[in-house]
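Below, each chain spelled out in residue letters.
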Amino acid sequence: MFPVEKIRADFPILQRKVNGKPLVYFDNAATSQTPKVVIDAIVNYYSNYNANIHRGVHTLSQEATDLYEQARITLQKHFNAKHAYEIIFTSGTTHSINVVASGFSSMLKKGDEIIVSALEHHSNIVPWQMLCEKTGAELKVIPMNEKGSLVMSEYDKLLSENTKLVFCNHISNALGTINPIEEIIKKAHQVGAAVLIDGAQSTPHMKVDFQDLDVDFYVTSAHKICGPTGVGLLYGKQEWLEKLPPYQGGGEMIDTVTFEKTTYAGLPHKFEAGTPNICGGIAFGVAIDYMNTIGFDAIGIYEQELLAYGTQELLKIDGVRIYGTAYKTSVISFNVAEIHPYDIGSILDKLGIAVRTGHHCAQPIMEFYKIPGTVRASFAFYNTKEEIDVFIKGLQKTIMMLG
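Residues numbered from 1 in each chain as written. Predicted model: local features only at pLDDT ≥ 70, side-chain atom pairs only at ≥ 80, totals over all residues. Heavy atoms only, no water.

Engineer: Lay out unusual backbone geometry with the relevant residues and their values.
Structural biologist: With a phi angle near 60 degrees, Asp214 is a residue other than glycine that sits in the positive phi range. As for its placement among the helices and strands, Asp214 is situated in the loop between helix 8 (210-213) and strand 9 (217-221). Unlike most non-glycine residues, Lys370 shows phi in positive territory, near 60 degrees. Judged by its relative accessible area of 74%, Lys370 is exposed. (Helix = DSSP H or I, 4+ residues; strand = E, 2+ residues; numbered from the N terminus. Buried < 20%, exposed > 50% of the residue type's maximum accessible area, 1.4 Å probe, protein only.)

Engineer: Residues and numbers for the sheet that holds strand 17 (residues 374-378), please.
Structural biologist: Taken together, four strands build an open sheet; the order of strands is 13-14-17-16 and the sheet is antiparallel. Looking at which strands have only one partner, the edges of the open sheet turn out to be strand 13 (320-323) and strand 16 (356-358). Going from strand to strand, the sheet's axes swing by 30 degrees on average, the running direction of each strand aside. Direction of pairing for strand 13 relative to strand 14 (residues 331-336): antiparallel, over a ladder of four bridges. Residue Ile322 lies in a different strand from strand 14, and its bridge partner there is Phe334. (Pairing = 2+ DSSP bridges. Axes fitted to C-alpha atoms, helices over the stretch in contact; angles between N-to-C directions.)

Engineer: Summarise the pairing of strand 5 (residues 113-117); cite the residues concerned and give the values.
Structural biologist: Counting buried residues in strand 5 gives five out of five residues, a clear majority hidden from the surface. Residues Glu113, Ile115 and Ser117 of strand 5 are buried on one face, and the alternating residues Ile114 and Val116, pointing to the opposite face, are buried as well. Bridge count for strand 5 against strand 6 (residues 138-142) is five bridges, and the pairing is parallel. Residue pairing across strands places Val116 opposite Val141, the latter belonging to strand 6. Traced from strand 5 through helix 5 (residues 126-135) to strand 6, the parallel crossover comes out right-handed. Bridge count between strand 5 and strand 7 (residues 163-169): four bridges; the pairing is parallel. From the neighbouring strand, Ile114 faces strand 7, where its bridge partner is Leu165. (Right-handed = clockwise from strand over helix to strand, strands pointing away.)

Engineer: Explain the nonpolar core residue by residue, including any values.
Structural biologist: In terms of nonpolar packing, the biggest core is built from 99 residues, with Phe210, Phe334, Phe381 and Phe391 touching the most fellow members. Considering each element in turn, this core owes the most residues, 10 residues, to helix 10 (residues 278-294). Once residues lying within four places of it in the same chain are set aside, the contact partners of Phe381 are Phe2, Val4, Ile7, Phe11, Cys226, Tyr290, Met291, Ile294, Ile299, Tyr302 and Glu303. In terms of nonpolar packing, the next biggest core, distinct from the first, is built from 25 residues, Trp128, Ala137, Phe217 and Val219 among them. (Core = buried A, V, L, I, M, F, W, Y, C linked by side-chain atoms within 4.5 Å. Contact = heavy atoms within 4.5 Å.)

Engineer: Give me the lowdown on the pattern of salt bridges, citing residues and values where you can.
Structural biologist: Within the structure shown, the criterion is met by 15 salt bridges. Taking the shortest distance from any N to any O, the salt bridge between Arg72 and Glu69 comes out at 2.8 Å. Of this pair, Arg72 and Glu69 are both found in helix 3 (residues 59-79), three residues apart, which corresponds to roughly one turn of the helix. Taking relative accessible area as the criterion, Glu69 reaches 21% and is therefore assigned partly exposed. Linked by salt bridges that have partners in common, Asp27, Arg356 and Arg376 make up one network. (Salt bridge = Lys/Arg side-chain N within 4 Å of Asp/Glu carboxyl O.)

Engineer: Tell me about the packing of helix 11 (residues 296-314) against helix 14 (residues 385-402), and please be specific about residues and values.
Structural biologist: Two elements in contact, helix 11 and helix 14, have axes separated by 10 Å at closest approach and are oriented at 25 degrees. Here helix 11 is positioned roughly parallel relative to helix 14, judged by the angle of their axes. Both helix 11 and helix 14 take part in a crossing whose hand is right-handed. Two secondary-structure elements touch here, helix 11 through Glu305, Leu306, Tyr309, Gly310, Glu313 and Leu314 and helix 14 through Lys385, Ile388, Asp389, Phe391, Ile392 and Leu395. For the contact of helix 11 with helix 14, the class distribution of residues is seven nonpolar, one polar and four charged. (Parallel < 35°, antiparallel > 145°, perpendicular 65-115°, else oblique. Left-handed = near helix turned anticlockwise from the far one by under 90°. Nonpolar A, V, L, I, M, F, W, Y, C, P; charged D, E, K, R; others polar.)

Engineer: If you had to explain the side chain of Lys328 to someone new, which residues and values would you point to?
Structural biologist: Considering the arrangement of structural elements, one finds Lys328 in the loop between strand 13 and strand 14. Of the buried charged residues, Lys328 lacks a salt bridge, with Glu303 as the closest side chain of opposite charge at 13 Å. (Lys, Arg positive; Asp, Glu negative; His and termini not counted.)

Engineer: Break down the layout of surface pockets for me, with residues and values.
Structural biologist: Volume-wise, the largest pocket comes out at about 310 Å³. Ala29, His121, Asn173, Gln201 and Lys224 are the residues nearest the centre of the largest pocket, which is lined by 22 residues in total. At the level of elements, helix 4 (93-104) and strand 16 are the ones that each hand at least two residues to the lining of the largest pocket. Element by element, the count of residues in the lining of the largest pocket is highest for strand 16, at three residues. (1 Å grid on protein atoms, 1.4 Å probe; cavity = no way out; pocket = protein on both sides within 12 Å on 5 of 7 lines; lining within 4 Å. Points joined across faces, edges and corners; volume = space filled by probe spheres on them.)

Engineer: Quick one: what's the story with the state of the cysteines, residue by residue and with numbers?
Structural biologist: This structure, assessed with the given rule, holds zero disulfides. Cysteine Cys132 remains unbridged, with the sulfur of Cys168 as its closest cysteine sulfur at 16 Å. You can call Cys168 buried: its relative accessible area is 0%. (Disulfide = S-S within 2.5 Å.)

Engineer: Residue-level account of empty space enclosed by the protein, with values.
Structural biologist: Taken as a whole and assessed by the stated rule, the structure comprises one cavity of 30 Å³ or more. A volume near 90 Å³ is recorded for the largest cavity. In terms of lining, the largest cavity is formed by 14 residues, of which the most central are Asn28, Ser32, Pro204, His205 and Lys224. Along the lines of polarity and charge, the residues of the lining of the largest cavity split into eight nonpolar, four polar and two charged.

Rendered as structure tokens:
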């Protein structure tokens, strides 16, 4: 039996009320909630270790540095990176993607091709469009079908000796579709292309093994995995990180500086200019440790139960259409008849139920389905079937008011 009530007690925010109603938080794909152990780590840092890292000989600086670098090792072990210095701390997934896009701007030329999927978040579309504008490279798109799956036979046709980079999310934030990234990576490597996987939506639900995937770059954000906002990671194979130029110049990323010439520090510091989010990095490690105490296999099984139950109950309501029916994680993206998703979300909020509405930073997906957006209910391991029941009753009440 999954100990959901025990787990819920770890999350202070789940005890609060919204608009006089107990909070039902179903916006986990946007950001997860934070357990007390992570909150305590943040408070502990500012209470006891607040100092800049890598530069000071004094005790506070050395203690903060040790905690920060231990967090990097925690992430390395969790994701099975070969080296700790292949884990670069960033401000989040978007920052990580932009580091890679910026680096490749000096490595691509006209005639080169890069491939993205039709299921991408804007953060994994716009930086590559900007890269193409700078370099003259061409952007190609793996199409999707009605089920919300990528059409892999078309991917095969897009690949060529001109393909230099392939970008795909592990899981779609808008639909929950789990993409066949193993196949995507293997086929890209067969034509000599590098691959970046956006793992913002996968890392909360499953354990990801970087070496087993043989992925070149993988990115994610702490705030999706019970950690704080403003910190994430960029994983890159050592050979790729050494090829890429620094993203920013400043302190920490240098070896020597003169007015005539600057030489850069080795990995990971080459990509970590300036004072980092020290507290965030430390708390990121604590969040990963917390989730590993629960176990990602147990989390995955329980969240699939929530997904099955939520889907079953939603489909009992007349007029409901669910978008994305492929193999997926615990996300249900839906509309009800002709009711605008924003109106549904606004009334559910009055009932204490938090869902996301709109295009979810995935406008091409909405254009494919010819809709303005969806209502998205996304479940986490601390949610319950009883909360789904409250959500369903709230939705029925909403439909009566708006229908």
